[in-house]
Amino acid sequence: MIWRASGFRAWLLQRLSAVYMALFIGMFVLHLVLDAPSSYQEWRTWMALPFITVTASIFFAALLIHAWVGLRDVIIDYVHPLGMRFVLLALVAAGLLAMGLWVLRILMMGGAA
Amino acid sequence: MINKMVKNIKRPIFMDLLRIRMPVVAVLSFAHRVAGMMLCLLIPFVIYLLDLSLRNAQGYAEALAILASPPVKFVAVMLLWGFSHHLLAGIRFLLIDADIGVERDSARRSAWFINVGGLIVPVIALWVLL
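Notes on the structure follow. (Residues numbered from 1 in each chain as written. Chains lettered and ligands numbered in written order. Predicted model: local features only at pLDDT ≥ 70, side-chain atom pairs only at ≥ 80, totals over all residues. Heavy atoms only, no water.)

1. A few points about the overall build of chain B
For chain B, the helix and strand inventory stands at 5 helices and 0 strands. Reading chain B from its N terminus to its C terminus gives the helix and strand order α-α-α-α-α. By the compact-globule yardstick of 14 Å for 130 residues, chain B is too spread out, its C-alpha radius of gyration being 20 Å. Each of the three principal axes of chain B carries a C-alpha extent, and together these read 65 × 35 × 35 Å. Evaluated residue by residue, chain B yields a buried proportion of 27% over its 130 residues. Expressed as a percentage of contacts within chain B between residues at least 6 apart in sequence, the contacts between residues at least 24 apart total 72%. In the structure as shown, chain B presents an accessible area of about 9,400 Å², 73% of it carried by carbon and sulfur atoms. Looking at chain B, you have 13 positive and 7 negative side-chain charges, and the mean spots of the two groups are 13 Å apart. (Helix = DSSP H or I, 4+ residues; strand = E, 2+ residues; numbered from the N terminus. Rg over C-alpha atoms; globule rule 2.2 N^0.38 Å. Buried < 20%, exposed > 50% of the residue type's maximum accessible area, 1.4 Å probe, protein only. Contact = heavy atoms within 4.5 Å. Areas by Shrake-Rupley, 256 points an atom, 1.4 Å probe, with all protein chains shown as cover. Lys, Arg positive; Asp, Glu negative; His and termini not counted. Charge placed at Lys NZ, Arg CZ, Asp CG, Glu CD.)

Structure follows, in structure tokens:
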């Protein structure tokens, strides 16, 4: 199998990120159902727990990778003119990257405060 | 091979979506994509709410107020369709990767179950909200 050209890496990333996100969302919803934060202090303290900061950071990384692979598939399938395709892919990549930096800053500040 | 494909670029293309018979599995696959794109649009709003809620006590109250406002609740119900369909169809794809439910009959049955089930979840949510 040709690793780079076969699409195997994208296929694998899509599935690994999907499984991780399903587990994280399940954990998050379970927490909200069983022990919902009742105040700002409680919410911030919970988000600042090292376990939550780390797993939430991985969650957003998985989310953005998952979005990238999915949107890339859609753009490649439906946008045929190469110039247009390149512009759209670049815009999506820039947007996702910006969101990644934004959320990283939020999570790191939450941990420091 | 590639040369052949390029030469054949003027092949007849029939794309009348209303006259193509869409098998239930195709509907599932298409809905999975539509739901995925909807969920992508949601990402910046989720990050914004997270940002707001962690800033200070006032931001936390604002974020909760935004989540509780009727128009946001309405959009949330639609997104709930996207989320439940995308999650269920995704689990179905993973099971098919693991060789479970590949047979045509069971693949069709699970596709029906998810296309309908994905609609039932937001209907229940709407019922609870109203």
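Now that the structure is up, let's keep going.
2. Quick look at unusual backbone geometry
The backbone of B:Asp99 shows a phi angle near 70°, a positive value even though the residue is not glycine. With respect to the secondary-structure elements, B:Asp99 resides in the loop between helix 4 (70–97) and helix 5 (104–129).

3. A few points about the interface of chain B and chain A
On the chain A side, the residues contacting the 22 residues of chain B number 27 residues. Between chain B and chain A, roughly 2,100 Å² of surface is buried when both sides are summed, and carbon and sulfur atoms account for 77% of that area. Counting the surface chain B buries against chain A, the share from its top three residues, B:Arg33, B:Ile47 and B:Leu54, is 30%. Along the contact surface separating chain B from chain A lie 2 salt bridges. Of the charged contacts, one joins B:Asp97 and A:Arg15 as a salt bridge, the two residues approaching to 2.4 Å between their closest N and O atoms. (Buried area = accessible area lost by both parts, 1.4 Å probe. Salt bridge = Lys/Arg side-chain N within 4 Å of Asp/Glu carboxyl O.)

4. Structural notes on the packing of aromatic side chains
All names here are of chain A. Scanning all chains against the criterion turns up 8 aromatic pairs over all chains. With centroids separated by 4.8 Å and ring planes inclined at 20°, the aromatic side chains of Phe 24 and Phe 59 adopt a geometry described as stacked. One end of the pair, Phe 24, is in helix 1 (residues 8–34); the other, Phe 59, is in helix 3 (residues 50–78), and 35 residues separate them in sequence. Comparing Phe 24 with Phe 59 shows no difference in burial state: the two are buried. (Phe/Tyr/Trp six-rings, centres within 6.5 Å; stacked < 30°, edge-to-face > 60°.)

5. With respect to the side chain of B:Ser84
On the secondary structure map, B:Ser84 appears in helix 4. The residues contacting B:Ser84, other than those within four sequence positions of it, are B:Gly118, B:Val121 and B:Pro122.

6. With respect to the nonpolar core
Counting residues in each nonpolar core, the largest one holds 30 residues, and the members touching the most others are A:Trp43, A:Met47, A:Phe60, A:Leu107, B:Ile43, B:Ile47 and B:Leu50. At the level of elements, helix 1, helix 2 (40–48), helix 3 and helix 4 (82–112) of chain A together with helix 2 (24–55) of chain B are the ones that each hand at least two residues to this core. In this structure A:Leu107 touches A:Met47, A:Thr53, A:Ala56, A:Ser57, A:Phe60 and B:Leu50, once residues within four positions along its chain are discounted. Grouped together as the second largest cluster of nonpolar side chains are 5 residues, B:Val24, B:Leu28, B:Ala89 and B:Ala111 included. (Core = buried A, V, L, I, M, F, W, Y, C linked by side-chain atoms within 4.5 Å.)

7. What about the packing of helix 4 of chain B against helix 5 of chain B?
Each pair of packed helices can be summarised by the angle the axes make with each other and by the distance between the axes. All names here are of chain B. Their axes nearest at 9 Å, the elements helix 4 and helix 5 cross at an angle of 155°. Taken together, the axes of helix 4 and helix 5 are roughly antiparallel relative to one another. Judged by the twist between their axes, the crossing of helix 4 over helix 5 is right-handed. On the side of helix 4, the interface is formed by Lys 73, Val 77, Leu 80, Trp 81, Ser 84, His 85, Leu 88, Ala 89 and Arg 92, while helix 5 contributes Ala 107, Ser 110, Ala 111, Ile 114, Asn 115, Gly 118, Leu 119, Val 121, Pro 122, Ala 125, Leu 126 and Leu 129. Of the residues that constitute the contact of helix 4 with helix 5, the class distribution is 14 nonpolar, 5 polar and 2 charged. (Axes fitted to C-alpha atoms, helices over the stretch in contact; angles between N-to-C directions. Parallel < 35°, antiparallel > 145°, perpendicular 65-115°, else oblique. Left-handed = near helix turned anticlockwise from the far one by under 90°. Nonpolar A, V, L, I, M, F, W, Y, C, P; charged D, E, K, R; others polar.)

8. Points about the side chain of B:Asn115
Residues and elements named next belong to chain B. Here Asn 115 shows up in helix 5. Under the relative-accessibility criterion, Asn 115 is labelled buried at 12%. Within the local environment of Asn 115, its side chain forms a polar contact with the side chain of His 85, the two groups lying 2.9 Å apart. In contact with Asn 115, other than residues within four places in its own chain, are Val 24, Val 27, Leu 28 and His 85. (Polar contact = N/O pair within 3.5 Å; in protein donor to acceptor, adjacent residues only side chain to side chain.)

In short, geometric facts, not functional conclusions.
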